[in-house]
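# Inside the fold
This is what each chain is made of:
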Amino acid sequence: MRHTNQQTSTKTLTDLYRALDRAEAVTITYLDQDGTESIRTIEPYDIRTTKSGRIEVRAMCRLRGEARGFLVHKIVSYTLHRMAFVLDRPEATTPAGAVIVVRSPAQLIARELGRDYLPSRRIDQTHTSLAA
């Protein structure tokens, strides 16, 4: 078991990315919103930055059987396993519900940049407040 307060966040993220790449489960001790600790075994499928700048691990939770988000700064400790994923993860979709197929690292990078930098609402010629 690795305690996150005894290592850098870079080391924690490296281990979580390794589990994601190898498709192996991770057991975490997590602080819930009300401050209580819970132990979950998760199957990470995405690590992203939230709008507030926090790092979130999107994972299938074996306890709940569905996709959940876990903020990295609330993970108290974790254990990497050599157990393969058993839960089906959700398909990557756009806000409109169309399925996105990512076939290369370049496509993944383009998708992430597009999600982070594209405007959240449609822009046309009537939006004069956005003019340079």
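Residues numbered from 1 in each chain as written. Predicted model: local features only at pLDDT ≥ 70, side-chain atom pairs only at ≥ 80, totals over all residues. Heavy atoms only, no water.

### Considering the side chain of glutamate 56
The condition that has to hold: Strands here mean DSSP runs of E at least two residues long; helices mean DSSP runs of H or I at least four residues long; both are numbered from the N terminus. Working definition: with a 1.4 Å probe on protein chains only, accessible area under 20% of the residue-type maximum means buried, over 50% means exposed, and in between means partly exposed. In what follows, residue pairs with any heavy atoms lying within 4.5 Å of each other are defined as contacts.
For glutamate 56, the location among the structural elements is in strand E4 (residues 55-61). You can call glutamate 56 buried: its relative accessible area is 16%. Setting aside residues no more than four positions away along its own chain, glutamate 56 makes contact with Asp46, Ile47, Arg48, Thr50, Gly69, Phe70 and Leu71.

### Observations concerning the pattern of salt bridges
Rule in force here: We count a salt bridge whenever a side-chain nitrogen from Lys or Arg sits within 4 Å of a carboxyl oxygen from Asp or Glu.
Counted according to the given criterion, the structure contains 7 salt bridges. Across the pair arginine 18 and aspartate 15 runs a salt bridge, and its minimum N-O distance is 3.0 Å. In this pair, arginine 18 and aspartate 15 both sit in helix H1 (residues 9-22), 3 residues apart, roughly one turn of the helix. Residue class for aspartate 15 comes out buried when judged on its relative accessible area of 0%. By sharing partners, the salt bridges in this structure join Arg2, Lys11, Asp15 and Arg18 into a single network.

### Observations concerning unusual backbone geometry
Of note in this structure, alanine 23 is not a glycine but carries a positive phi near 55°. Considering the arrangement of structural elements, one finds alanine 23 in the loop between H1 and strand E2 (24-31). When its relative accessible area of 30% is taken as the criterion, alanine 23 is described as partly exposed.

### Here's the deal with the nonpolar core
Put simply, the test is: The set of buried Ala, Val, Leu, Ile, Met, Phe, Trp, Tyr and Cys residues whose side-chain atoms join them within 4.5 Å is what this entry labels a nonpolar core.
Formed by 16 residues in total, the largest nonpolar core has its most connected members in Leu16, Val26, Ile28, Ile42, Val57 and Phe70. Mapped onto this core, the elements with two or more residues apiece are H1, E2, strand E3 (37-49), E4 and strand E6 (75-84). Once you skip the residues sitting within four places of it in the chain, valine 57 turns out to touch Leu16, Ile42, Pro44, Asp46, Ile47, Arg68, Gly69, Phe70 and Val72.

### A closer look at H1
Stated formally: Given the number of residues in a helix, its expected span is that number minus one, multiplied by 1.5 Å. To obtain the arc, one takes the directions from the helix axis to the C-beta atoms.
Across its 14 residues, H1 extends 20 Å between first and last C-alpha, which sits within 8% of the 20 Å expected from 1.5 Å per residue. Those residues of H1 lying buried are Thr12, Leu13, Asp15, Leu16, Ala19 and Leu20. Along the axis of H1, the buried positions cluster into a sector of 160°, meaning they face one direction only. Within H1, the exposed residues directed more than 90 degrees away from the buried face are Thr10, Asp21 and Arg22. At its buried positions, H1 is contacted by strand E1 (2-3), E2, E3, E4 and E6.

### What to know about the sheet that holds E6
Cut-off, in case you're wondering: For two strands to be treated as a pair, DSSP must find no fewer than two bridges joining them.
The 6 strands lie next to each other as E1-E6-E2-E3-E4-E5, forming an open sheet whose pairing is antiparallel. Edge positions in the sheet fall to E1 and strand E5 (66-71), since each of these pairs with one other strand and no more. When E2 meets E6, the two strands line up antiparallel, connected through 6 bridges. Bridge pairing links isoleucine 28 to tyrosine 78 in E6.

### A short note on the side chain of threonine 12
Cut-off, in case you're wondering: Pairing of N or O atoms within 3.5 Å defines a polar contact, subject to two protein rules: one partner must be a possible hydrogen donor and the other a possible acceptor, and residues neighboring in sequence count only if both atoms are side-chain atoms.
With respect to the secondary-structure elements, threonine 12 resides in helix H1. A distance of 2.9 Å separates the side chain of threonine 12 from the side chain of glutamine 7, its partner in a polar contact. When sequence neighbours within four positions are dropped, the list of residues in contact with threonine 12 reads Thr4, Gln7, Val72 and Tyr78.

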